[in-house]
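Remarks on the overall topology
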Amino acid sequence: MIIIYCRNCSTRQLAATSQVDSIHRSAEGLVGYVRCSAGHLVIHQFVETYPKPEPPPVVLALRARMVAEAQLAAPHASSGD
């Protein structure tokens with residue numbers, strides 16, 4: 001579900017993914033053509049509207065620990081012997 005603004009209806013609406021006609025990559029990011037409940041075609045920018053959330057600190061710490069453990073477990077490259 002996404003929130004769109006239809007200029008023809010002058011309302012914000014909740015749109016289902018089934019109302020998305022097409023999605024395109026542009027210089028501004030991900031852009032989609034979505035139909036409002038009245039059938040009007042609305043251009044919607046997905047990236048600007050919904051930024052990716054930051055993971056919680058616990059997840060960041062776990063990732064850092066996994067990287068450190070992988071580096072310790074990996075065999076060291078030979079120095080050109």
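Look up: the structure comes first, before these words.
Quick look at unusual backbone geometry now. Its identity as a non-glycine residue notwithstanding, S10 has a phi of 55°, on the positive side. Relative to the helices and strands, S10 is located in the loop between β1 (2–6) and β2 (11–15).

Once that is clear, we can look at the sheet that holds strand β5 (residues 41–45). Across the sheet, three strands lie side by side as β3-β4-β5; this open sheet has antiparallel pairing. Edge positions in the sheet fall to β3 (20–26) and β5, since each of these pairs with one other strand and no more. Within this sheet the neighbouring strands show an average axis-to-axis angle of 20°, counted without direction. Looking at chain direction, β3 and strand β4 (residues 29–35) are connected through six bridges and run antiparallel. Looking across to β4, one finds that S22 is bridged to Y33.

A few words now on the nonpolar core. Counting eight residues, the largest nonpolar core consists of I2, I4, C6, A15, V34, C36, V42 and F46. Look past the residues within four positions of A15 in its chain and what remains in contact with it is M1, I2, I4 and V34.

With that settled, the discussion passes to the pattern of salt bridges. According to the stated counting rule, one finds two salt bridges in the structure shown. Residue D21 pairs with R35 through a salt bridge whose shortest N-O separation is 2.9 Å. Here D21 is found in strand β3, whereas its partner R35 is found in strand β4, with 14 residues between them in sequence. The salt bridge involving R65 is made with E69; its shortest N-O contact spans 3.4 Å. Of the two residues, R65 and E69 are both situated in helix α2 (residues 57–73); the distance of four residues between them amounts to about one turn of the helix. Classification of R65 as exposed rests on a relative accessible area of 51%.

Conventions we followed
Residues numbered from 1 in each chain as written. Predicted model: local features only at pLDDT ≥ 70, side-chain atom pairs only at ≥ 80, totals over all residues. Heavy atoms only, no water. Helix = DSSP H or I, 4+ residues; strand = E, 2+ residues; numbered from the N terminus. Pairing = 2+ DSSP bridges. Axes fitted to C-alpha atoms, helices over the stretch in contact; angles between N-to-C directions. Core = buried A, V, L, I, M, F, W, Y, C linked by side-chain atoms within 4.5 Å. Buried < 20%, exposed > 50% of the residue type's maximum accessible area, 1.4 Å probe, protein only. Contact = heavy atoms within 4.5 Å. Salt bridge = Lys/Arg side-chain N within 4 Å of Asp/Glu carboxyl O.

So, to be careful, I would describe these as geometric facts and stop short of saying anything about function.
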